[in-house]
Structure formats: C-alpha cells, structure tokens
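# Summary of the model geometry
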Amino acid sequence: GFLGPYCTLLNMGGTSVEKVAAPLVLATRPWQPALLVSAPVMSNVATVEAQQAAMAFQHQEECKNKAEGISADSIKNVGELSKYLAFQPQYKAQLRARPDVAQGELVRVTDWKLLTPEDYDRTCFHFEVDVRGTAMEHAVNGSQGKALSVYATNDGEKVMEFIKEMKLDPDQIVSVEELAPQSEDGTVVLTTVYKLLTQYLDLFGKPTREFLKKLFPYAQDIQEKVAIAEMTLDRKTEDFQDRQARAATFADYLTEFKSLKIPADKYMELIPTIKQRVYSICSSSDYRPGKCQLLVVREDWQAKGGETKYGLCSSFLTFIRSGAFCVAHSTHSVMQMPEDKSAHIFMAGLGTGLAPFRAYIEQRKFEKTKGHKVGPMTLFFGGRYSKAEYYYRDEFEAFEAEGLVKCCNAWSRDQKQKIYVQHKIMEEADSIWNELGREGSTGYFFLCGSKQPEKDVFAALLKIFETKGGMTNEQALKKMDSLQSAGRYVTEVY
C-alpha cells in the first residue's frame, strides 16, 4: 500500500544536516515510522491551511494503521526519504496532493449510493465529498457556474501486474522533475515507481504514434525495434488504427515487446499524466454547507473484438467508498442560474445532465427558506425507464409538492410510443412562449446532457416561437440567437 494521493513538499535549502541545492517533493508511505508521520495536535482548525494539514495527518494515521509488515529492502528504500522527513522544520516539509496540480486538494468521500438497479445495464450513482475547510469550500455550488475536476488513480492490482511483468521495483525511489510545482523554481519530485504508475501516469490510456517514436529506441531486440518503428510509418496506419479500435493501452504496448528495457525514471517521458475529468455538481453548497455532490454514470463502450472497456475516472468513482480520499478542485461551468430570483427557469436534463438542475432547485429552496420570493421552475427530464432512471425521485416529488418546480418527465421506453424531452417541451408551449419568447419576457432555458438531443430541443423551441408567436423561421432563429447572446439559452452538452 501507499499513502494515497499525498506527497510531501520539502524546501531543501541549506540546513545543519547537509547542503542541498533544491527543494524536493517526496512521496510518503503508510509504513513509515511514527517520527515521519507525526504532526502537532491542532486544537482549533480555523484556517484552510490548518484544515488541510489535519486532513493529511488523519489520512496518514489511517494508512499507517492499515499497513502490514514490510521487508528489509522496503525499509532500506524509505531511508532516503526518512532523512528529509525527520527534519521537517529544516526542510519546510509540507503535505501535498498531486504537486503537479496546483489547485488540487485531498478531500474525503462521505457518501456513495447506487441509484440504478444492481442488474441494470447502466451504473449510475450518487457521490459526495466533504469540502469543509478547503479552498474550494465556497466554490462548489452547482447552481453558480461551478463543476468539480476529479483526478483518478489507476487500479493498484493492475499496476502491480504491470510492474511484475516489466521487472520493476515498486519501492524504487525515482526523481521526476516534470511533476514539480511549476510556480516553485528549482523543485524536484521524489516518488516511488508504484506511486508514479498509480497516481500520476495514464498507464492504461490510449497512446499516439508519438509514443511509439519515443519507445522503439528502448527495444534491445533488433526485430522488435524495427516492428515498433514501422508502426509509426504511413504504410502501417491501418495496423495502428486497428490497435486503436481495440483500445490498446500504453501498458499493452510496453508488455508486448519483451526486449524493452526502460529505466524507471524514463516512464515520465513516455506516458502522459492522468488528466482531470470534469463533473457537473448536483448540489447547492448553500443548501448543503460543506458538501459537494456528483451524479455520475460509469462510462463503457465496446472495443473492436467485443471487449467492454470502461472510463478511468468514472470507474475510479464507481468503486471508491466513504472514508476514502480523492484529489479534486473546483472548475468553471457555464451552468449558472440567473441572479434574478423571480425569473422562470426552464431546465432540460438528459440522463446525468440532470445534475446541475438538482443544484438549481436546491438553491431556490435555500433562497425560499431565507424569505426570498422565488420564481417558478420547470424541469424536463429525459430517461429510458422511470423505475430505473428517475434519480432522486423522492426529492423531486417533494420539491414539486411544495410548488418549487414542475416536473415534466419523458420516459422513452415506459410505453410503446417513444416519448422524448422535446415532446414534453411542446406540451409547455404556452408557458415557454410567455416566459421566454414573448417581448419583455425574462425567463431562461438551460440544457445539459448528451449532445444528440440538443438539435431536437432547439427545433422544438423554434416551433413554439413560430406557432405561438407567429414568427417566421428566420425570425425564430434570430430570437434564439438573441437569447443565446443574452445568456438566456444556455447549453452544456458532451
């Protein structure tokens, strides 16, 4: 095991112990002696930095308690780290989440619930992290143009299989300058091979031909060297594309060619880092202080050959549970509800595109409890089966009973005839014209979800403007353009 996504940032200016040229970022391990993981007891966590330190210390202690017996070789490997961590004041040691992600913070998972039936062909779930005391605490309101960037980690067992096949030492310490914080000159990173391949490098991602150009010099066998180099040529484009269609990964290429000899510190030059995955936030931090919630579906697809492949981050979130930690930060989103609390808001959520609109409704609920007069909301939610895909059903029915929102759900497979979101939108034609299309109207229309139905929703709104407003198609199109320019017709599709 290892200490999750935390590293220790050390300022290694001249000390009484020895002279060192530059700061280091060191990976900490759960089996370090108490001297390496102890921290001052904080009686009052009043600042963001103090809260982060408390979170880190708690995480360290938990990992340390779970650690099993270790080998003498492992103890020897950690010795180099120990001498720096044992003198934290001299080296200005700091615990960091991914040091290459400046905004990244370690947050604790506090809730995970499966929302679809266990035997359903889609896995959709509710996910929550505690953001109290973090820099993002007041920047994760899903109704205020905020989303959450999550950094996944690779499956530890698959990484260990790869390490074994490549004959690498998981506890070997490597220096990786590319992971150092860009804002801190002269900083380098020390981490372990296991941590590098689990936390940082997109080992199971899909490579490009540039990867093969960098890879072939490491092949010791001349035939393998030629085979790798040939895949970069135009005449081998079809072969490479076939591998792409079969979802061949960096790990697949590296383990296929047995003569490859790659120094551990060179993997960073071959494989890119794991990138963020951005998720719409489905909660209002005003309504749920200190919490950030997501509505997630596990991504899957069929590769050529019939094998089912899964998205890295959605799979990471699928199997994480309460008490675990992940690295995340707040990100901008276009889904920001209007400042006018009385404006009528129309919302079209397709599948997990429902997420920001749950946050919208929660925000209006919060504002109402504070004594504000809030305007009407109309939700068009599209899915296949109501029994399997009506996420947060109890909540929405309660909000509707209270008069906060009108729910117009479109279930395409619940009956013989297909009913889609655009059909439900047409049923609200009078309201949409009066609040969105009519001169002097002040309503807003938001759409979030898969890209395919966007054109049908757009066409439905055009038809309403033509039939209810007597507009020509050209006039209706111009009206839609003006709504988009004014921020009153907003889409976020993927």
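Scoring rules and cut-offs
Here the residue index of a chain counts from 1 through its sequence in written order. Where totals are concerned, whole chains, interfaces and linings use all residues; where local detail is concerned, this predicted model gives features only for residues with pLDDT of at least 70, and gives and counts side-chain atom pairs only at 80 or more. Calculation of side-chain values draws on the structure's entire complement of heavy atoms; hydrogens and water are dropped beforehand. Helix and strand definitions follow DSSP, with helices as H or I runs of at least four residues and strands as E runs of at least two, each counted in order from the N terminus. To sort residues, take the accessible area from a 1.4 Å probe on protein chains only and compare it with the maximum for the residue type: under 20% means buried, over 50% means exposed, and anything in between is partly exposed. Contact between two residues is taken to exist if any of their heavy atoms lie within 4.5 Å; hydrogens are not considered. Should a side-chain nitrogen of Lys or Arg be within 4 Å of a carboxyl oxygen of Asp or Glu, the pair is scored as a salt bridge. For two strands to pair, DSSP has to find at least two bridges joining them. Comment: axis = line fitted to C-alpha atoms, over the contacting stretch for helices; angle = value between 0 and 180 degrees taken between N-to-C directions. Throughout, the protein atoms alone are placed on a 1 Å grid, and a set of points is a cavity if a 1.4 Å probe fits but cannot get out or a pocket if it is open with protein on both sides within 12 Å along at least five of seven lines; lining residues have an atom within 4 Å of a point. Grid points are joined across faces, edges and corners, and a volume is the space filled by probe spheres set on the points. Nonpolar residues are Ala, Val, Leu, Ile, Met, Phe, Trp, Tyr, Cys and Pro. Charged residues are Asp, Glu, Lys and Arg, and all others, Gly as well, are polar. We define a nonpolar core as any set of buried Ala, Val, Leu, Ile, Met, Phe, Trp, Tyr and Cys residues linked to one another through side-chain atoms lying within 4.5 Å. Stacked, tilted and edge-to-face pairs are distinguished by plane angle, under 30 degrees for stacked and over 60 for edge-to-face with tilted covering the rest, among Phe, Tyr and Trp rings (Trp via its six-membered ring) whose centres lie within 6.5 Å.

## What about the overall build of the protein?
When helices and strands are counted, the protein shows 19 helices and 18 strands. Sorting the 494 residues of the protein into buried and exposed places 51% on the buried side. Considering only contacts within the protein whose residues lie at least 6 apart along the sequence, 74% involve residues at least 24 apart.

## A look at the side chain of serine 284
Structurally, serine 284 can be placed in the loop between β9 (277-280) and β10 (291-297). With sequence-adjacent residues up to four places away left out, serine 284 is seen in contact with Asn141, Ala359, Glu362 and Gln363.

## A short note on the pattern of salt bridges
Within the structure shown, the criterion is met by 30 salt bridges. The partner of glutamate 362 in a salt bridge is arginine 358, and the shortest N-O contact between them spans 3.6 Å. Of the two residues, glutamate 362 and arginine 358 both sit in helix α13 (residues 355-369), 4 residues apart, roughly one turn of that helix. Each member of the pair, glutamate 362 as well as arginine 358, carries the same accessibility label: buried. We note a salt bridge from arginine 384 to glutamate 389, for which the minimum N-O separation is 2.9 Å. According to the relative accessible area criterion, arginine 384 is buried, its value standing at 13%. Using a relative accessible area of 2% as the deciding quantity, one classes glutamate 389 as buried. Here the residues in one salt-bridge network are Asp121, Arg122, Arg384 and Glu389, joined through shared partners.

## As for the sheet that holds strand β18 (residues 489-493)
Hydrogen bonds along the backbone pair up the strands of a sheet, which may run parallel or antiparallel. Ordered by their spatial adjacency, 5 strands build an open sheet running β16-β15-β14-β17-β18, and the pairing between neighbours is parallel. Each having just a single partner strand, β16 (406-411) and β18 make up the two edges of the open sheet. If you compare each strand with its neighbour and ignore which way they point, the axes differ by 10° on average. By the bridge criterion, 6 bridges tie strand β14 (residues 345-350) to strand β15 (residues 377-383) in an arrangement that is parallel. Each residue of the ladder has a partner; that of glycine 349, found in β15, is phenylalanine 381. With respect to the sheet, α13 is in contact with β14, β15 and β17 (444-449), its orientation differing from that of β14 by roughly 145°.

## A look at unusual backbone geometry
If you check the backbone angles, lysine 167 has positive phi at about 55° while not being a glycine. With respect to the helices and strands, lysine 167 occurs in the loop between α5 (156-165) and β7 (173-175). For lysine 167, a relative accessible area of 74% corresponds to the exposed category. Even without being glycine, tyrosine 392 reaches a positive phi, approximately 60°. Relative to the helices and strands, tyrosine 392 resides in the loop between α14 (386-389) and α15 (393-402). Given a relative accessible area of 10%, tyrosine 392 falls into the buried group.

## Side note on the environment of glutamine 276
Positionally, glutamine 276 belongs in the loop between α11 (267-270) and β9. In this structure glutamine 276 comes out as partly exposed when scored by relative accessible area, which is 36%. Between the alpha carbons of glutamine 276 and alanine 152 there is a distance of 7.5 Å; along the sequence they are 124 residues apart. Excluding its chain neighbours within four sequence positions, the residues that come into contact with glutamine 276 are Ser149, Val150, Tyr151 and His329.

## Observations regarding empty space enclosed by the protein
All chains considered together, the criterion is met by 1 cavity of 30 Å³ or more. Of the volumes computed, that of the largest cavity is approximately 30 Å³. In terms of lining, the largest cavity is formed by Gly142, Lys146, Ser280, Ile281, Ser333, Met335, Pro356 and Glu492. For the lining of the largest cavity, a count of residues per class yields 3 nonpolar, 3 polar and 2 charged.

## A few points about the nonpolar core
Formed by 38 residues in total, the largest nonpolar core has its most connected members in Phe162, Leu197, Leu215, Leu254, Leu260 and Tyr267. Apart from residues no more than four positions distant in its own chain, leucine 254 is found in contact with Phe162, Met166, Leu203, Phe211, Leu215, Leu260, Ile262, Tyr267 and Ile271. By size, the runner-up hydrophobic cluster in this structure holds 29 residues, among which are Leu295, Ile361, Phe396 and Trp411.

## Notes on the packing of aromatic side chains
Within the structure shown, the criterion is met by 16 aromatic pairs. Each ring, one from phenylalanine 346 and one from phenylalanine 445, has its centre 6.4 Å from the other, and the planes form 20°; the classification is stacked. Separated by 99 residues along the polypeptide, phenylalanine 346 in strand β14 and phenylalanine 445 in strand β17 bring together distant segments of the chain. Each member of the pair, phenylalanine 346 as well as phenylalanine 445, is classed as buried. An angle of 65° between the planes, with centres 6.1 Å apart, marks the rings of phenylalanine 458 and tyrosine 489 as edge-to-face.

## Observations concerning the side chain of threonine 352
With respect to the element layout, threonine 352 can be found in the loop between β14 and α13. For threonine 352, the residues in contact, after removing those within four places along its chain, are Cys124, Leu295, Val296, Val297 and Tyr494.

## With respect to the pairing of β10
Judged by how many residues are buried, β10 sits mostly within the fold: 5 of 7 residues are covered. Sheet analysis places strand β5 (residues 124-130) next to β10, joined by 7 bridges and oriented antiparallel. Residue pairing in the sheet places cysteine 124 in a bridge with valine 297 of β10.

## Regarding the sheet that holds β10
Overall, antiparallel pairing links the 6 strands, which are arranged β9-β6-β13-β4-β5-β10 in an open sheet. The open sheet has two edge strands, β9 and β10, and neither has a second partner. Across the sheet, the mean angle separating the axes of adjacent strands is 40° when strand polarity is ignored. Judged from the 6 bridges that link them, strand β4 (residues 105-114) and β5 form a sheet pairing that is antiparallel. For aspartate 111, the partnering residue across the bridge sits in β5 and is glutamate 128. The strands touched by α13 are β5, β6 (144-151), β9, β10 and β13 (325-336); relative to β13, the strand with the most contacts, the crossing angle is about 75°.

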